[in-house]
Amino acid sequence: MAFIGTLVEECAASLPVGGDRTGKDRERIAVSNWDTLSGLAGTVGAGTIRDLLEKDPSRATRLVVEGAGVTLDFSRQRVDESVVDALLALAQERGVLDRRDAMFRGDRINVTEDRSVLHVALRMPKDESLIVDDVDVVREVHGVLDRMKAFADRVRSGDWVGHTGQRIRNVVNIGIGGSDLGPVMAYEALRDYSDRDLTLRFVSNVDGTDIVEALHDLDPAETLFIVASKTFTTLETMTNAGAARDWLKKGLGDDADVAKHFVAVSTNADKVAEFGIDTANMFGFWNWVGGRYSMDSAIGLSTMIAIGPDDFDDLLAGFHAMDQHFLTAPPAANLPLLMGLLSVWNRNFLDCPTVAVLPYEQYLVRFPAYLQQLTMESNGKRVRLDGTPVESETGPIYWGEPGTNGQHSFYQLIHQGTSTIPSDVIFFAEPLHEVGDQHDMLIANALAQAAVFALGRTAEEVAADGVPAELVPHKVMPGNRPCSVIMVQKLTPFALGSLVALYEHTVFTAGAIWGIDSFDQWGVELGKVMAAALIPQLQDGDAGAPTQDSATTSSVARYRAARGR
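As a starting point, this report considers the structure included with it. Keep in mind the model is a prediction, meaning the values are calculated, not measured. (Residues numbered from 1 in each chain as written. Predicted model: local features only at pLDDT ≥ 70, side-chain atom pairs only at ≥ 80, totals over all residues. Heavy atoms only, no water.)

## A look at the nonpolar core
Membership of the largest hydrophobic core comes to 123 residues, with the highest contact counts inside it found for I305, W345, F367, L496 and Y503. It is helix 21 (residues 493-514) that provides the largest number of residues to this core, a total of 13 residues. Residues I211, A214, V227 and F232 belong to the second largest nonpolar core, which totals 24 residues. (Core = buried A, V, L, I, M, F, W, Y, C linked by side-chain atoms within 4.5 Å. Buried < 20%, exposed > 50% of the residue type's maximum accessible area, 1.4 Å probe, protein only. Helix = DSSP H or I, 4+ residues; strand = E, 2+ residues; numbered from the N terminus.)

What follows is the structure, encoded as structure tokens:
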């Protein structure tokens, strides 16, 4: 797969990093490759995957790339080499590789918050160094990791005891967003590596049901809470933390030593101490770590306690291996770059607004939910880095469920519905549990579904099976649903780290093409502010209520009436 020529590279070299360009620059780009891709969408993209495979069987081995233990087969995507070359050229023109290098250097590529974006530093080996603003961030990262390891060892060994002197057997992580989705996904994914003598629970929702159900069968004397909030002011997290503290004191007495049952992942020492947590047991992180990129920081403390420091190191090694692949692999063999470009192709040129993530591995039950935040909070943007409106559609909607469960749920719509839904089918060659021939059955299902997504079934093929004529239209499968098949040898901590980093950099690539800031999340903030203003109205009526729309005022009144207030 030939990469693009020197002329395009020279043209790209003169363009600013990250999409902040003049109208003439954008016009030059459009003429060269965006329009080229639009034309290819009307030829290659308008064709069928069935024809692509039949006319060129070798694509099934040629359109396969490997890196950091992950194999990506994109032969079932609606592309050929001309599309891939044009996409790679677009990446050059949009400065994707320059922006990647800037991120790894620690440049402040999060422009709206004037921050570096350095989740890659969280998994750099101890003997490496990265100086940003005169600080070796790798040294700081490993300082926190060393403290985490010492603490995790104390909990796992029984050396850390609670107020009554009993060892900790239950760990409850209280957080929301990235402080929950990453840890809970990692725990479920790596449960087979966890200490089964420890019970791990996760609380995020401010709905009281969440914490009640998490605590209902636990012994306060044996329970440790990890409160994860950078500012220690997050409404949902601190409300749940307060409820957990009340539960602890109710069970152990008002004189219970809260500090023996609570630790914090935060940067706000004053608020941590005010809550009753010893700041010696506060594990910090940095403003260059976005919440959805933080599962390998101190936010992963619950993961480290569950699987142990050695396996957590293996998780970090997997992240780092994919980071290095993204940084050093040639563009035409670069997994995250290619996946990000395929995402752009499907979203912008084939008009596919969603992506189904289909892991054929029960331990990845929370992986699609994790990717929802990673992808949609990152690339759900409508303005470019310079504040001007985007010139195309941006982030697709990610959703999904584990394999065969989804087959009996929503696959019907993918196969025969009116929407074209691309998918990522993920599986592991080697099972963690060899139960008869069930793993072969599982992988057979994964490959069969990928085949039907791509090829479908024609009316002639249906009729050849003796199906009555009146039923033939009902059994036709149009196929032509783009599908990437991702295979990893075995679900290990290393493999999980590599897989998560793959998607992190896929998101980065697409965001760089669109010229947006993938590392802020202003859209989350307004609802939080409004909710804080509504709470006193719901509780106390209209006293001091701010001006608001009539629909909200009416809803508040109905709620208060229903509660008898």
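## Digging into the pairing of strand 5 (residues 170-174)
Judged by how many residues are buried, strand 5 sits mostly within the fold: five of five residues are covered. Of the two faces of strand 5, both are covered, the one formed by N170, V172 and I174 as well as the one formed by V171 and N173. Regarding topology, helix 8 (residues 178-189) serves as the crossover connection from strand 5 to the parallel strand 6 (residues 199-203), and that connection is right-handed. Of the pairings in the sheet, the one linking strand 5 to strand 7 (residues 223-228) comprises five bridges and is parallel in character. Each bridged residue has a counterpart across the sheet, and for I174 the counterpart in strand 7 is V227. (Right-handed = clockwise from strand over helix to strand, strands pointing away. Pairing = 2+ DSSP bridges.)

## Focus on the packing of aromatic side chains
With the rule as written, the count across this model stands at 17 aromatic pairs. Pairing F367 with Y503 gives two aromatic rings, centres 5.7 Å apart and planes at 75°, and the pair type is edge-to-face. Of the two residues, F367 is situated in helix 15 (residues 367-379) and Y503 in helix 21; the sequence distance between them amounts to 136 residues. Residue class for Y503 comes out buried when judged on its relative accessible area of 1%. Linked through ring pairs, F225, F232, W247, F262 and F275 together constitute an aromatic cluster. Across from the ring centre of F326, 5.8 Å away, lies the NZ or CZ of R100, which sits over that ring. The aromatic ring of F275 is capped on one face by R245, whose charged end is 4.1 Å from the ring centroid. (Phe/Tyr/Trp six-rings, centres within 6.5 Å; stacked < 30°, edge-to-face > 60°. Lys NZ or Arg CZ within 6 Å of the ring centre and 35° of its normal.)

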